[in-house]
Amino acid sequence: MTITSAPRGAFLRSALVAALIGLLALLGAGPAAAHDVLEGSDPADGSQVATAPSRVTLTFGEAPTPNTATITVVGPDGTTHYESGAATSDGEQISVGVAPLGAAGRYEIGYRVVSSDGHPISGALSFTLTTPGPAATTTPAAAAPGSPAAPSAATPSPAASAAPAADEGGTPAWPFVLLAVVVVIGAVALVLRRRA
């Protein structure tokens, strides 16, 4: 009896170790399959700057799909847009020009790109302008009557008008968790059946 119980005990330990390794591997597969992430920005998220930036640059973990990016720069009033032109990509970096900023305060940068794995990524970050920018002293009323008004940096493009949504897409974790549970249950059932 002792001779047969030792191999069963060894088998039980091996089966449980294999099930645990499988579970850990499956749970680790979720983050590995996840899409690119934002790694940094210029200006940095939450930073305070005295000089208004002329460009906003976002750096991702991997190069997003080219020509899919939208970046918005919204002023402290929550409605005035300062992004200028279309966003451009250079490897892992996506950037957009910034028109002369206005009042001092918090500026929000919204972004939406398509990850290299095909999933859309969106989010927001911000910086605080501590000194009023050049546009703070000019007003639309300054244009002479009858003269063509200069193009305003505050006019958003149709793509830029959309507020950045929460992160969309990505590989959901629940299939991996479900598969891991099935593997563990199967291993335990196999062990119990062999013991019977």
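Note that the coordinates shown come from a computational prediction; the quantities given were computed from them, not determined experimentally.

1. Structural notes on the environment of Thr57
Alright, step 1. Within the secondary structure layout, Thr57 lies in strand β3 (residues 55-60).
Alright, step 2. Given the relative accessible area of 18%, Thr57 is considered buried.
Alright, step 3. A sequence separation of 31 residues divides Thr57 from Thr88, and the C-alpha atoms of the two residues are 9.4 Å apart.

2. Remarks on unusual backbone geometry
Alright, step 1. Here the residue pair Asp42 and Pro43 is connected by a cis peptide bond, since its omega of 5° sits within 30 degrees of zero.
Alright, step 2. Unlike most non-glycine residues, Asn67 shows phi in positive territory, near 60°.
Alright, step 3. Assignment of secondary structure puts Asn67 in the loop between β3 and β4 (70-74).

3. Details of the sheet that holds strand β8 (residues 120-129)
Alright, step 1. The four strands lie next to each other as β2-β8-β7-β4, forming an open sheet whose pairing is mixed. Of all strands in the sheet, those with a lone pairing partner are β2 (47-49) and β4, marking the two edges. Within this sheet the neighbouring strands show an average axis-to-axis angle of 25°, counted without direction.
Alright, step 2. Inspection of the sheet shows β2 paired to β8 by three bridges, in the parallel sense. For Ser47, the partnering residue across the bridge sits in β8 and is Phe127.

4. Thoughts on the pattern of salt bridges
Alright, step 1. With the rule as written, the count across this model stands at one salt bridge.
Alright, step 2. Close ionic contact of Glu108 with Arg106 constitutes a salt bridge, the shortest N to O distance being 3.6 Å.
Alright, step 3. Among the residues examined, Glu108 registers a relative accessible area of 31% and is labelled partly exposed.

What counts and how
Residues numbered from 1 in each chain as written. Predicted model: local features only at pLDDT ≥ 70, side-chain atom pairs only at ≥ 80, totals over all residues. Heavy atoms only, no water. Helix = DSSP H or I, 4+ residues; strand = E, 2+ residues; numbered from the N terminus. Buried < 20%, exposed > 50% of the residue type's maximum accessible area, 1.4 Å probe, protein only. Pairing = 2+ DSSP bridges. Axes fitted to C-alpha atoms, helices over the stretch in contact; angles between N-to-C directions. Salt bridge = Lys/Arg side-chain N within 4 Å of Asp/Glu carboxyl O.

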